[in-house]
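One-letter residues, chain by chain:
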Amino acid sequence: LKMKEVNANDLIAGVVNTFTLKVEKYNGKITSNLDAVNPDIFVDEMHFTNVIFNLLDNAVKYKKQEGELLLNVRTWNESGKLYISIQDNDKFYRVHTGNLHDVKGFGLGLAYVKKIIQDHKGAIRAESELNVGTKFIIVLPLLKNE
């Protein structure tokens, strides 16, 4: 990992900007609330960008045909750490649909995301609620603990 000081709010804003067109192509909307007052983290910029991109991309890739995709990305500080959440409004659990492969890829996205976050001494968890959606929450140590 090529670790460096990164402002998470700036990095995430950049990914959200890049992603807006893709989401709009699917008649979706992406909003962000980058409220972390202390957004400085020590990360590998490329891998960390990939993590955010991957989580957003999954929400688009696996969205149900009907209904509007709404994505929200947030950052905030809590107990001396940086929190990032990526939330969608896909109201259904993704259940096994037999041998149906309509999504391209190797299915390694979340394994990669988890490994990169762990390599950065962070944690990630998913909260999925029927009729609400899925939220991924990433917790990372700050560069400097104030």
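Per chain, residues are indexed from 1 in the order of the written sequence. Side-chain atom pairs in this predicted model are given and counted only at pLDDT of 80 or more, local residue features only at pLDDT of at least 70, and totals for whole chains, interfaces and linings cover all residues. Only hydrogens and water are set aside; all other atoms, that is, all heavy atoms of the structure, feed into the side-chain values.

**A look at the sheet that holds strand S2 (residues 29-34)**
Phase 1 of the analysis: Any two strands with at least two DSSP bridges between them are considered paired. Secondary structure elements follow DSSP: runs of H or I no shorter than four residues count as helices, runs of E no shorter than two count as strands, and numbering proceeds from the N terminus. The strand order S2-S4-S5-S7-S6 describes an open sheet built from 5 strands, whose pairing is mixed. Each edge of the sheet is formed by a strand with only one pairing partner; in this case those strands are S2 and strand S6 (123-129). Recorded for the sheet is a direction-independent mean angle of 15° between the axes of neighbouring strands.
Phase 2 of the analysis: For S2 and strand S4 (residues 70-78), the ladder comprises 6 bridges, and the chain directions are parallel. Bridging across to S4, Ser32 finds its partner in Val73.
Phase 3 of the analysis: Along the sheet, helix H3 (residues 109-119) makes contact with S6 and strand S7 (133-141), crossing S6 at roughly 140°. Interaxial angle, 0 to 180 degrees, is taken between N-to-C directions of lines fitted to C-alpha atoms, where a helix line uses only the stretch in contact. It only takes one pair of heavy atoms within 4.5 Å for two residues to be counted as in contact.

**Quick notes on a nonpolar patch on the surface**
Phase 1 of the analysis: Excluding any residue in a salt bridge, patches collect residues exceeding 30% relative accessible area, merging like charges within 9 Å and nonpolar Val, Leu, Ile, Met, Phe, Trp and Tyr side chains within 5 Å. For the accessible areas, the method is Shrake-Rupley and the probe is 1.4 Å, while residue cover comes only from the protein chains on display. Whenever a carboxyl oxygen of Asp or Glu lies within 4 Å of a side-chain nitrogen of Lys or Arg, that contact is scored as a salt bridge. Nonpolar side chains collect at one region of the surface, where Leu1, Met3 and Phe42 lie side by side and expose about 280 Å² of accessible area between them.
Phase 2 of the analysis: Along the chain, Phe42 falls in strand S3 (residues 40-44).
Phase 3 of the analysis: We classify Phe42 as partly exposed; its relative accessible area is 44%. Buried residues are those whose accessible area, probed at 1.4 Å on protein chains only, stays under 20% of the maximum for their type, while exposed residues exceed 50% and partly exposed ones sit between those limits.

**Details of the nonpolar core**
A general feature of soluble globular proteins is that nonpolar side chains tend to end up buried together.
Phase 1 of the analysis: Ile41, Phe48, Ile52, Leu56, Leu71, Ile84 and Ile138 are the most contacted members of the largest nonpolar core, which totals 32 residues.
Phase 2 of the analysis: Leave out the neighbours within four places in its chain, and Ile52 touches Leu11, Ile12, Val15, Ile84, Ile86 and Ile138. To qualify as a nonpolar core, a set must consist of buried Ala, Val, Leu, Ile, Met, Phe, Trp, Tyr and Cys residues joined through side-chain atoms within 4.5 Å.

**Focus: the packing of aromatic side chains**
Phase 1 of the analysis: Note on aromatic pairs: the rings of Phe, Tyr and Trp (six-membered ring only in Trp) are paired at centre separations within 6.5 Å, and the planes decide the class, stacked below 30 degrees, edge-to-face beyond 60, tilted for the rest. Overall, the coordinates contain 2 aromatic pairs when judged by the stated rule.
Phase 2 of the analysis: When the centroid spacing of 5.0 Å and the interplanar angle of 80° are considered together, the rings of Phe19 and Phe53 count as edge-to-face. Placement of Phe19 in helix H1 (residues 8-25) and of Phe53 in helix H2 (residues 45-61) is noted, with a sequence separation of 34 residues between them.
Phase 3 of the analysis: Judged by relative accessible area, which is 33%, Phe53 ranks as partly exposed.
Phase 4 of the analysis: Between Trp76 and Tyr83 the ring centres are 5.3 Å apart and the planes differ by 20°, which places this aromatic pair in the stacked class. Just as Trp76 is buried, Tyr83 falls in that class too.
Phase 5 of the analysis: In this scheme, the term charge over a ring applies when either NZ of a lysine or CZ of an arginine sits within 6 Å of the ring centre and within 35 degrees of the ring normal. In this arrangement the basic side chain of Arg74 is found over the ring face of Trp76, its NZ or CZ atom lying 4.1 Å from the centre.

**Considering the environment of Tyr62**
Phase 1 of the analysis: Positionally, Tyr62 belongs in the loop between H2 and S4.
Phase 2 of the analysis: Taking relative accessible area as the criterion, Tyr62 reaches 33% and is therefore assigned partly exposed.
Phase 3 of the analysis: Taking the C-alpha atoms as reference points, Tyr62 and Asp90, separated by 28 residues in sequence, lie 8.6 Å from one another.

Everything listed here is a matter of geometry and, on its own, says nothing about what the molecule does.
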